[in-house]
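For reference, the chains in residue letters:
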Amino acid sequence: MQPSRGLLGIVCAAVLAVSGLSACTADGDTDPAAVDAKSATGDQKVAPAPPGKYRKLPEPCGSLEPDTLKKLVPNAPDYTGDAELTYDTNRRVGCTWTGETSQGNRYLQIDFERVVSYDPGVSDEAQAESDYDAKVLQAGIPTTPGTPGAPATTPPVAPPGSPAGLPGQPAATAPTTSPATSPATSPDLAPRLLADVGDAAFLDDELMTRDSGVHRDITLVFRTANVLVTVSYAQWSADKATAPQSADLQQGAEQVADVLVKTIK
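Colleague: Account for the overall build of the chain, naming residues and giving values.
Modeller: Looking only at helices and strands, the chain has five helices and eight strands in total. Of all 265 residues assigned to the chain, the portion counted as buried reaches 41%. A separation of at least 24 residues holds for 62% of the contacts in the chain among residues at least 6 apart in sequence. As presented, the chain carries roughly 14,400 Å² of accessible surface, and 54% of it is formed by carbon and sulfur atoms.

Next up, the structure:
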């Protein structure tokens, strides 16, 4: 005596509930296609990406030796530096020094950021690489190492009362940005990618003129694994006829970067 279709349906439903399959044949057997689909997908889960190589950041204000700071930022009132305000020193830290030369004020800032990916399928290092590439694009840096290029088309916005981030300087409106390949800068010193600084690095060079003076901003960004480091080194001059030179500032920024690479552990 053959069981009724109703009984077969009940048996099939029970099998499906236990096995997690989704279909039966008209005779009550499980559908082979459903079994194959289940086998193909299974309970496979994407393994989470590994955490970043670096889990902590160095103490920023102690990253540079006093003798180095005295050369880069002469006549600073205090070489202990001003620590950047942050709410998570395990994710981001920074420090600033301001000095004075015969040509005007000089400003140095370093910033460490430990990148963390919130996508389990994207590693911290891959996220840091993506963030770094976005900075290269924003700055308008040529993608071929050593190739002269132009600075970013849009200059950074300065906080109120401070020109392009230089503390203690008079505010002004509508600054003009000159290409880094101005008479004061050779093509070899134009914005470019850098070799042998971390896993990837670039240098940007901007000359800006305001009503109250002129300043040159050097920004060097490098990545090492899942950490991004930004070195900002600038010279301010009230004499518009004497633009700060690139060579000295760029050399100083690269010197700082070389030291900071070794502090990340």
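So much for the structure itself; the text now carries on.
Colleague: Residue-level account of unusual backbone geometry, with values.
Modeller: Leave glycine aside and you will find that most residues have negative phi; peptide bonds, for their part, are mostly trans. With phi around 60 degrees, N75 is a residue other than glycine that occupies positive phi space. Inspection of the secondary structure puts N75 in the loop between α3 (66-72) and β1 (82-83). On the basis of relative accessible area, N75 is assigned to the exposed category, the value being 61%. For D196, which is not a glycine, the phi torsion comes out positive at approximately 65 degrees. Among the structural elements, D196 can be located in the loop between β5 (192-194) and β6 (200-210).

Colleague: Hey, could you go over the packing of aromatic side chains for me, with residue numbers and the actual values?
Modeller: Within the structure shown, the criterion is met by one aromatic pair. Look at Y132 and F202: their rings are 5.8 Å apart centre to centre, the planes differ by 50 degrees, and that puts the pair in the tilted class. Note that Y132 is positioned in helix α4 (residues 124-139) and F202 in strand β6, a separation of 70 residues in sequence. An identical accessibility class is assigned to Y132 and F202; each is buried.

Colleague: Tell me what's going on with the confidence of the model for the chain, and back it up with residues and numbers.
Modeller: Predicted confidence across the chain gives a mean pLDDT of 78, with 66% of residues reaching 70 or more. Below pLDDT 50 for its whole length, residues 18-23 participates in 14 contacts with residues either more than four positions away or in separate chains. Note that residues 30-41 has pLDDT below 50 and, in this model, 17 contacts with residues that lie over four places away or in other chains.

Colleague: Please give an account of the pattern of salt bridges that cites residues and values.
Modeller: Taken as a whole and assessed by the stated rule, the structure comprises six salt bridges. When the shortest N-O distance is used, the salt bridge between E254 and R192 registers 3.5 Å. Taken as a pair, E254 in helix α5 (residues 246-263) and R192 in strand β5 lie far apart in primary sequence, 62 residues in all. Relative accessible area serves as the criterion here: at 27%, E254 is assigned to the partly exposed category. It is possible to trace a salt-bridge network through shared partners that takes in E125, D199 and R223.

Colleague: Pulling in residues and values, what's your account of the state of the cysteines?
Modeller: Scanning the entire structure with this criterion turns up one disulfide. Two residues share a disulfide in this structure: C61 and C95, whose sulfurs sit 2.1 Å from each other. The disulfide joining C61 to C95 has a torsion of about 100 degrees about its S-S bond and is therefore right-handed. Of this pair, C61 sits in the loop between α2 (32-41) and α3 while C95 sits in strand β2 (residues 92-101); the two residues are 34 residues apart in sequence, bridging distant segments of the chain. Per residue, the accessibility class of C61 equals that of C95, and both read buried.

Colleague: An account of the pairing of β6 is requested, with residue identities and associated values reported.
Modeller: Along β6, 10 of the 11 residues are buried, which leaves the element largely enclosed by surrounding structure. Pairing of β5 with β6 involves three bridges; the strand directions are antiparallel. From the neighbouring strand, L193 faces β6, where its bridge partner is F202. Between β5 and β6, which pair antiparallel in sequence order, lie five residues; one of them, D196, sits at a positive phi of approximately 65 degrees. The pairing of β6 with strand β7 (residues 213-224) spans 11 bridges and is classified as antiparallel. Its bridge partner being in β7, F202 is matched across the sheet by V221. Remark: two residues form the turn of the hairpin made by β6 and β7, two consecutive strands paired antiparallel.

Calculation criteria
Residues numbered from 1 in each chain as written. Predicted model: local features only at pLDDT ≥ 70, side-chain atom pairs only at ≥ 80, totals over all residues. Heavy atoms only, no water. Helix = DSSP H or I, 4+ residues; strand = E, 2+ residues; numbered from the N terminus. Buried < 20%, exposed > 50% of the residue type's maximum accessible area, 1.4 Å probe, protein only. Contact = heavy atoms within 4.5 Å. Areas by Shrake-Rupley, 256 points an atom, 1.4 Å probe, with all protein chains shown as cover. Phe/Tyr/Trp six-rings, centres within 6.5 Å; stacked < 30°, edge-to-face > 60°. pLDDT = per-residue confidence, 0-100. Salt bridge = Lys/Arg side-chain N within 4 Å of Asp/Glu carboxyl O. Disulfide = S-S within 2.5 Å. Pairing = 2+ DSSP bridges.

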